[in-house]
Structures are given as C-alpha cells and as structure tokens.
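Here is how the chains run, residue by residue.
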Amino acid sequence: MQNTVAKVAVVGSGISGSVCAATLARNGISVILFDSARGPGGRMSQRREISEDGRELLFDHGAPYFTVTNPDVLSVVTEWESRGLVAEWKSNFGSFDCFTNKFVNTEHQERESKKYVGVPGMNSICKALCHEPGVDSKFNMGIGKFEWLEHENLWSLIGLDGQHLGHFKGVVASDKNIASPRFTAITGQPPPLDLSLAPELVKLHDIPIDPCFALMLGFNEPLSLVPANGLSFTNSKVLSRAHCESSKPGRSSTSERWVLHSTTEYAKDVIAQSGLEKPSKETLSKVGNEMLQEFLGTGLTIPQPFFMKAHRCLQGKCLPSNKHSQGREMCLE
Ligand SMILES: Cc1cc2nc3c(=O)[nH]c(=O)nc-3n(C[C@H](O)[C@H](O)[C@H](O)COP(=O)(O)OP(=O)(O)OC[C@H]3O[C@@H](n4cnc5c(N)ncnc54)[C@H](O)[C@@H]3O)c2cc1C
C-alpha cells in the first residue's frame, strides 16, 4: 500500500472531480470529495422518476453520451469499459430538419466517432470513482467558502451552512461557479473563492454558459416510426437534440424513454423571463409542453407520452473542449 502523503479536498463529483479524486487516491494522496448534490455525476447524472402507475423510469438528463479523440483519454475509457462502467452505444443517429419536416440521414458522418455511455447510467463512472479506496465522498455538502490560512499554509473549507469542514494541504475545484458572480445570483451568497487569492481564475468568467432544458418522456410503445435513436434538430427554435434512453446498452427496456434537449437560445429566453432561481412548477410545465409540441409537430408519428417532466440544466452543455457548440459532436478530449 502507498503511504498517504497529503490531504486534498476535491469539490465536485462530476466527471472532472471524480477522475481527479480517484487519480490522487491511486497515487497515495488521501482525498475528501465534497458535492452539494445528493449523489455523484454532476452533469453526467441519472435521474430516477416514478410514473403515476408506479413504474420506475431512469433518465440521463445531462450528457446523453460522450466521444473521445485524445489517445490518453481513450486508454482511460478503455479501462472503464473493461470494468463494465461504460459501453459503446451502437445505434442510428441522424438529423431532422424542422423547416422541411424531413429526416436527414447523417448516419454515416455521425458514425465516424464511437459514442460511449455509462452503464447502467451516465453516472456509473463517477459513482465508481467516488468510492475508490482513498476517496472519502461527502454528498449534500456545498462549499460556501475557501479560506487560505497564511500562517498554517493550509486551506480551510466552510460549508454553505457555515460548518467548518476541515483544513487541507490542497484544494481542487471542478466548477467554475466557485469564483463567479453567478454563484451570488443563484444562492445570494458571495462566491466561495475570493478571486484576489487566484487572480488568474478571472478568465473562467469568459467560458460561455449554455443553459438548457431537458424534457424526460415515457411512452408505452416504441417510437418505431422514428428512424434513429439519437436526433439533432436543425431549424428549430426550441429543440436541439433527442435521445432514446431505453436504446442505450444496459438500460431497462420495459418502457420507451426519451430525453429532449432545448436549444440554448430557448433556455436563455425562458430564464430571462423567469430568473435564475429554481424554476417554478408552472414554468417547467410550460417548457415541457412547448418542447413536447415541437417534438409532436415534426410529423414523426409520436404518440402522447404517459410520463413527462422538464428539468433545467443551468450549467448547460458547455464542455472543457474546443467543440461545445450546439448540435455538434461533443467530445471528452
Ligand atoms: C444537457 C446537456 C447535454 C450535454 N451533452 C453532452 C454530450 O453529448 N457529450 C459530452 O461529452 N458532454 C455533454 N455535456 C457536457 C458534460 O455533461 C459536461 O461537460 C461534463 O459532465 C462536466 O463535468 P464536470 O465534472 O466538469 O462538471 P459538472 O458535471 O458540472 O460537476 C460539477 C460538480 O460540482 C458540484 N458543485 C458545484 N459547486 C459546488 C460547491 N460550491 N460545493 C460543492 N459542490 C459543488 C456540482 O453539484 C456538480 O456535481 C452535456 C451537458 C448537459 C447539461
């Protein structure tokens, strides 16, 4: 066993924080990982819903899949694949033009890069990494303040509730909001990290935020007349993508489940009217109906769903990658 040489706090259990925490732990550094959410995954979370008739429905409401170009990342993904944490999603993908109401088959072009999904949910990778030996994961624990203790040469972390969470030799923050005025707009509190401690982080403000709404849908029958399990939409103000959850490897196929993603522009318009605070039931219901109408309006012969629920992804779709624009392939470099 390697000796423990330092104690590091990692904030955020999304893919960045989880990979970082597990890598540090494998190198003998004891890690405490904090996340304000109930469980691991961040924007690679899986959502569990129960329909009115008691059926369990699971949805990847954030990233539906990822692709890889960097050979180093590919070797990490291959290791995850050998552990059964990810699998290739082999399916039909295409593009639908909402102006001509025609399906444009871009299957060949989109098949150029393999699409990977977490198994049995997108959060499975983070779940496994957060529980590796040496990683002590604490959920429902939001960090409200990073304090630098000059004399001790240590970081002190304070919870959003004012609780003292310990001293650390190093801290890793995986979410740009820790130093962003946006944190104040959402929580009413000052950002956890005072930028005078790390002035170079001001450039984080330049990373675009692409908010998005996700609509989770459950159908009793397969949408057999939709010729692809992953669609990107062109010429729609409302919809950007749609994915059939139940067609992914390792998922239950007892019901047909789809997730629709809105365009960033649509989400920004809604947020401009409703504000940054948690959206009301009425707002989510209006968004859900508008997204569903756009999907039904494609003429792709889509029945009424037995389950629908909208969710707002405030952090949005932006990636630590050079290709984060909407409707294009997204990739873990
Ligand atoms: C709708 C949508 C579609 C997407 N589509 C794709 C796709 O097709 N392909 C692809 O590769 N990527 C896609 N992405 C992007 C991808 O999901 C993200 O780039 C990636 O998951 C980000 O991981 P991360 O660890 O950097 O951040 P996150 O997953 O956002 O994790 C940050 C974590 O930090 C926690 N946190 C933040 N502040 C605090 C605090 N103060 N205290 C404690 N915890 C805190 C949060 O709760 C969160 O769990 C999509 C994202 C969305 C939302």
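All values derive from a computational prediction rather than experimental measurement.

This part covers the packing of helix α6 (residues 264–274) against helix α7 (residues 281–296). Packing of α6 against α7 brings their axes to within 12 Å, and their N-to-C directions diverge by 155°. Classified by the interaxial angle, the pair formed by α6 and α7 is roughly antiparallel. Considering how the two elements wind past one another, α6 and α7 form a crossing that is right-handed. Packed against α6, whose contacting residues are Tyr266, Val270 and Ser274, the element α7 presents Thr283, Val287, Glu290 and Met291 at the interface. Residue classes in the contact of α6 with α7 are distributed as 4 nonpolar, 2 polar and 1 charged.

Quick look at the confidence of the model for the chain now. Confidence in the prediction for the chain averages 90 pLDDT; 90% of positions are at 70 or higher. Every residue in residues 1–5 is under pLDDT 50, and counting partners more than four places away or in other chains gives 9 contacts. Of the regions scoring below 50 in pLDDT, residues 319–330 engages in 26 contacts with residues more than four places distant in sequence or in other chains.

Turning our attention to the sheet that holds strand β12 (residues 154–159). Ordered in space as β11-β12-β13, the 3 strands form an open sheet in which the pairing is antiparallel. Looking along the sheet, the strands with just one partner apiece sit at the ends: β11 (143–149) and β13 (164–168). For this sheet, the mean inter-axis angle between neighbouring strands, taken without regard to orientation, is 20°.

Now for the domain arrangement of the chain. Accessible area lost upon the coming together of the parts serves often as the stated size of an interface. Domains assigned within the chain are domain 1 (7–40 + 127–206) and domain 2 (53–120 + 208–332). On a C-alpha basis, the centroid separation for the pair domain 1 and domain 2 is 29 Å. If you look at the interface, domain 1 gives 13 residues, while domain 2 gives 10 residues. Of the roughly 990 Å² buried between domain 1 and domain 2 on both sides combined, carbon and sulfur atoms contribute 57%.

Judged from the 4 bridges that link them, β12 and β13 form a sheet pairing that is antiparallel. Along β13, the bridge assignment pairs Ile158 with His164. Between β12 and β13, which pair antiparallel one after the other, the connecting turn spans 4 residues, and Gly162 there sits at a positive phi close to 90°.

As a matter of local geometry, the ligand sits amid 32 residues, with Ser16, Asp35, Arg43, Tyr65 and Arg241 nearest to it. Here Ser16 contributes a side-chain N or O atom positioned 2.5 Å from an oxygen atom of the ligand. The backbone of Ile143 places a nitrogen or oxygen atom 2.8 Å from a nitrogen atom of the ligand. When the ligand sits alone it has 1000 Å² of accessible area, and the protein chains cover 93% of it. Class assignment for the residues of the shell around the ligand results in 16 nonpolar, 11 polar and 5 charged. Shared between two domains, the shell around the ligand takes at least three residues from each, and those domains are domain 1 (7–40 + 127–206) and domain 2 (53–120 + 208–332).

Calculation rules
- Residues numbered from 1 in each chain as written.
- Predicted model: local features only at pLDDT ≥ 70, side-chain atom pairs only at ≥ 80, totals over all residues.
- Heavy atoms only, no water.
- Axes fitted to C-alpha atoms, helices over the stretch in contact; angles between N-to-C directions.
- Helix = DSSP H or I, 4+ residues; strand = E, 2+ residues; numbered from the N terminus.
- Parallel < 35°, antiparallel > 145°, perpendicular 65-115°, else oblique.
- Left-handed = near helix turned anticlockwise from the far one by under 90°.
- Contact = heavy atoms within 4.5 Å.
- Nonpolar A, V, L, I, M, F, W, Y, C, P; charged D, E, K, R; others polar.
- pLDDT = per-residue confidence, 0-100.
- Pairing = 2+ DSSP bridges.
- Domains from an automatic or database assignment.
- Buried area = accessible area lost by both parts, 1.4 Å probe.
- Near = heavy atom within 4 Å.
- Polar contact = N/O pair within 3.5 Å; in protein donor to acceptor, adjacent residues only side chain to side chain.
- Areas by Shrake-Rupley, 256 points an atom, 1.4 Å probe, with all protein chains shown as cover.

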